[in-house]
Amino acid sequence: MIHLIYLLVFGFLLTTCIGLAASWIDRKVTARIQYRVGPPLLQPLLDIVKLLGKETVLPAGVSRVTFLAAPMIGLASVMVVSTVLWVNSLYPSQGFVGDWIVALYLLAIPSLSVILGGFASRNPLAGLGASREMKLVLAYELPFVLAALVPVIEADCSIRLGDILNFQRANGATATSPAGALALLVAIVCMQAKLALVPFDIPEAETEILCGPLVEYGGPPLAIYRLMKDMLLFILPFFLIILFLGGVRCDGVHLFWGVLKYVGLLALITVGRNTNPRLRIDQALKFFWGPVTFISIGAVLLAAWGH
């Protein structure tokens, strides 16, 4: 029963509220940069409510089960990983062995759900977008995992998120070490790609292939995808805060510093999407398999040498 409460309160309600607020901040700052007024505070929520009230139209010849299950799979994985991160952040001793591996695994599923939905729709543009998403996942996952390995090495090779947090609280944030700083830099770049934001919005490229994998989605399924992406706008920075910046504590001034850490990462996401042009998929592959992977390997070797 307690696990279900954690899932509903932390994994869904709290993460949804913060994710929608982060989406509004991102859109508002983007609008100001472009000399526009921007949306009202409740606009991200109203967009989802509006989609929930629309009819779900299935493309001709589509697999009904696969098409409708894809967004649900993505949302379910986001809720579970959010619960894991919240529990480890609030109660480091209540984590379980291997939750670092579980978190990485669950964070990969939203992209896979987008790929599944794109191919299931049987639309050529959606198939092209899903193909790009697949290539992008293959490009950024390796350096992202390598970067996430640095805190594990520095925390005496423990794969428990609670142990990583306790180690940082006793010895300082992982990002304060040379290896940790390099790994955090790589993780931030990979986070931008996981969110499919400029310059890595290649799968959705609205000016080229409309909405890419989601071109055939509308109504409640599209609302679920949008909610999933808004929640990821909080979960991915939260994951990096736990790994590299000492996590978030809810007592006294530590809560303020936790919020400041998140706002800083959100600002980097917003600045990145407003100051860079979209890359081509071949450029993204060369970028991630080239300098980004080499830097992540260097960070792992530096952490191992220091340990």
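No experiment lies behind these values; they were computed from the predicted model shown. (Residues numbered from 1 in each chain as written. Predicted model: local features only at pLDDT ≥ 70, side-chain atom pairs only at ≥ 80, totals over all residues. Heavy atoms only, no water.)

Quick look at the side chain of D26
Within the element layout of this structure, D26 appears in helix 1 (residues 2-33). Accessibility expressed as a relative area gives 5% for D26, which makes it buried. Among residues more than four places away in sequence, those in contact with D26 are L233, T270 and R273. (Helix = DSSP H or I, 4+ residues; strand = E, 2+ residues; numbered from the N terminus. Buried < 20%, exposed > 50% of the residue type's maximum accessible area, 1.4 Å probe, protein only. Contact = heavy atoms within 4.5 Å.)

Describing the confidence of the model for the chain
Mean pLDDT over the chain stands at 92; residues scoring 70 or higher make up 99%. Ranking the helices and strands of the chain by mean pLDDT puts helix 7 (residues 178-194) first, with 97, and helix 8 (residues 206-209) last, with 70. (pLDDT = per-residue confidence, 0-100.)

Describing the nonpolar core
Core analysis: the largest hydrophobic core is formed by 89 residues, its most contacted members being L161, F239, L240 and F288. Counting residues per element, this core draws most heavily on helix 9 (residues 219-244), at 19 residues. Excluding anything up to four places from it in sequence, F288 contacts L136, A139, Y140, P143, V189, C190, A193, F200 and T293. (Core = buried A, V, L, I, M, F, W, Y, C linked by side-chain atoms within 4.5 Å.)

Quick notes on helix 11 (residues 281-306)
Its 26 residues give helix 11 an end-to-end C-alpha distance of 36 Å, which sits within 8% of 38 Å, the value for a rise of 1.5 Å per residue. A bend of about 35 degrees at T293 is the largest found in helix 11. Those residues of helix 11 that fall on the buried side of the exposure criterion are I281, A284, L285, F288, G290, V292, T293, S296, A299, V300 and A303. Where helix 11 is buried, its residues contact helix 5 (124-154) and helix 7. (Expected span 1.5 Å × (residues − 1). Bend = angle between axes of the 7 residues up to and from the residue.)

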